[in-house]
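Now for the letters of each chain:
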Amino acid sequence: MKKAKANEKVLSTFSNFFIFFLLAAFVTTCCIMLFISALQDSVGRKFTQEEITIAAKITMINVVLISIVMATIDYLRRKYTVERPVKRITDAASKMVEGDFNVRIAPTSKWGTDDSFNEIIDVINKMAKELSGVETLRADFIANVSHEMKTPLAVIQNYGTLLQAPELPEEKRIEYAKAITDASRRLADMMTNILKLNRLENQQIYPKSAVFDLGEQLCESLLQYESTWERKNIEIETDIAEGVTVFADAELLSLVWNNLFSNAFKFTEDGGKVSLTLSADEAYATVRVSDTGCGMSAEVGAHIFEKFYQGDSSRATQGNGLGLALVKRVVDIMQGEIGVESAVGAGTAFTVRIRRNTDELEENR
Ligand code: ADP
């Protein structure tokens, strides 16, 4: 089937070329005839009809032969330098269409091939690499979500079964019910975070920027943890520059502060300290949230912005490893920067630098 198609293609190429040769030969012969008739006047000798017919025939045959030789050479050249790389590219693209992103196309030999093919191959290879990365991430993401859902669901199931026991003391009933409420809250929080992250990653959230006082927002966010710092007897230290306004999406930014504070209080032992500083220059506002908590190793620090990554397994029940992934995404959307300094046992400091968008600030004042 394939062979018949290939033969058909060769035939059609040659028939097209043949019509073209005949036309070229006819035009060239006519030109030669005109040339001969012009020549006989200037040399002063009349050519016989027979001489002219022979000259016409020789010209015609020569042109046809030369054209066939040239066309064959061109056909072979095209076959090796154009058709082969095109076939390799289309084969790889077809595999990608079928979902195989592990295909890679070997570059064509430099000799005789148009280098543009190597440029196309390079781009397609990069695209395949990106797509296979995305595919792995998607598969990991699903595996992670399923894994993360299993733990709270198991808790709900177990405590649900325990609650069914008759004559359960009131104290136990409250304890089990609380465990179920906590586990379902964790599930709900995880779903909310996944949805937020998904919308942020798919660019479905368009920042709704407005001018607001960043210091005030930070204080409001910090105050939400008042009961926690009182319960854990954590000292709070703040150094907030006054009147630092920014032109940004307040709702998105509050996600950043809430996650940083929540981690700072979560990873700081009783009697520790959490500090907040806000400073600014003309262009940037810098927020630093530091704590005297357990800190983290360089290895943990290298992964904290990945989805579902949790460095401290002992506190795994208090989060789902999505907080800092969300923080990073928001900071990226705002074209800001986030950095972390930490040492095991010495505490952690997150520094976020965001653009104040001073031009827009002036316009919106
Ligand atoms: P979660 O807090 O739900 O585990 P995050 O994405 O917020 O997830 O954080 C990821 C990991 O980064 C945490 O599991 C922890 O190991 C580490 N981490 C984040 N903030 C701190 C902090 N302030 N001190 C120590 N470790 C931290």
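Use the structure listed above.
Here we summarise the structure given alongside this text.

About the criteria used
Residues numbered from 1 in each chain as written. Predicted model: local features only at pLDDT ≥ 70, side-chain atom pairs only at ≥ 80, totals over all residues. Heavy atoms only, no water. Salt bridge = Lys/Arg side-chain N within 4 Å of Asp/Glu carboxyl O. Helix = DSSP H or I, 4+ residues; strand = E, 2+ residues; numbered from the N terminus. Buried < 20%, exposed > 50% of the residue type's maximum accessible area, 1.4 Å probe, protein only. Contact = heavy atoms within 4.5 Å. Near = heavy atom within 4 Å. Polar contact = N/O pair within 3.5 Å; in protein donor to acceptor, adjacent residues only side chain to side chain. Areas by Shrake-Rupley, 256 points an atom, 1.4 Å probe, with all protein chains shown as cover. Nonpolar A, V, L, I, M, F, W, Y, C, P; charged D, E, K, R; others polar. Pairing = 2+ DSSP bridges. Axes fitted to C-alpha atoms, helices over the stretch in contact; angles between N-to-C directions.

## Some details on the pattern of salt bridges
Following the criterion strictly, the structure yields eleven salt bridges and no others. Here Asp-91 makes a salt bridge to Lys-87, at a shortest N to O gap of 3.0 Å. Remark: Lys-87 and Asp-91 occur in helix H2 (residues 49-97); sequence separation between them is four residues, near one turn of the helix. Taking relative accessible area as the criterion, Asp-91 reaches 37% and is therefore assigned partly exposed. Taking the relative accessible area as the measure of exposure, Lys-87 reaches 47% and is therefore partly exposed. Between Arg-185 and Asp-182 there is a salt bridge, and its shortest N-O distance comes to 3.5 Å. Taken as a pair, Arg-185 and Asp-182 lie in helix H4 (residues 170-201) at a separation of three residues, close to a single helical turn. Residue Asp-182 is classed as partly exposed on the basis of its relative accessible area of 31%. One continuous salt-bridge network, built from bridges that share partners, spans Lys-178, Asp-182 and Arg-185.

## Section: the side chain of Ser-221
Its location among the elements puts Ser-221 in helix H5 (residues 214-223). Judged by relative accessible area, which is 4%, Ser-221 ranks as buried. When sequence neighbours within four positions are dropped, the list of residues in contact with Ser-221 reads Trp-257, Asn-258 and Phe-261.

## Re the site of the ligand
Around the ligand lies a shell of 20 residues, among which Asn-263, Lys-266, Asn-320, Gly-321 and Leu-324 are the nearest. Side-chain polar atom of Lys-266 to an oxygen atom of the ligand: 2.7 Å apart, as the coordinates give it. Look at the ligand: alone it shows 530 Å² of surface, and the protein chains cover 97% of it. Elements with a minimum of two residues in the shell around the ligand: helix H7 (250-266), helix H9 (323-333) and strand S7 (347-355). Here the shell around the ligand is built from residues that sort into eight nonpolar, nine polar and three charged.

## Side note on the sheet that holds strand S6 (residues 337-343)
Judged by pairing direction, the sheet is mixed, and its five strands sit side by side in the order S2-S4-S5-S7-S6 without closing on themselves. Whereas interior strands pair on both sides, the edge strands pair on one side only; in this sheet they are strand S2 (235-240) and S6. Pairwise comparison of adjacent strand axes, ignoring direction, gives a mean angle of 10° for this sheet. Examined bridge by bridge, strand S5 (residues 284-291) and S7 share eight bridges and lie antiparallel to one another. Opposite Ala-285, over in S7, you have Ile-354 as the bridge partner.

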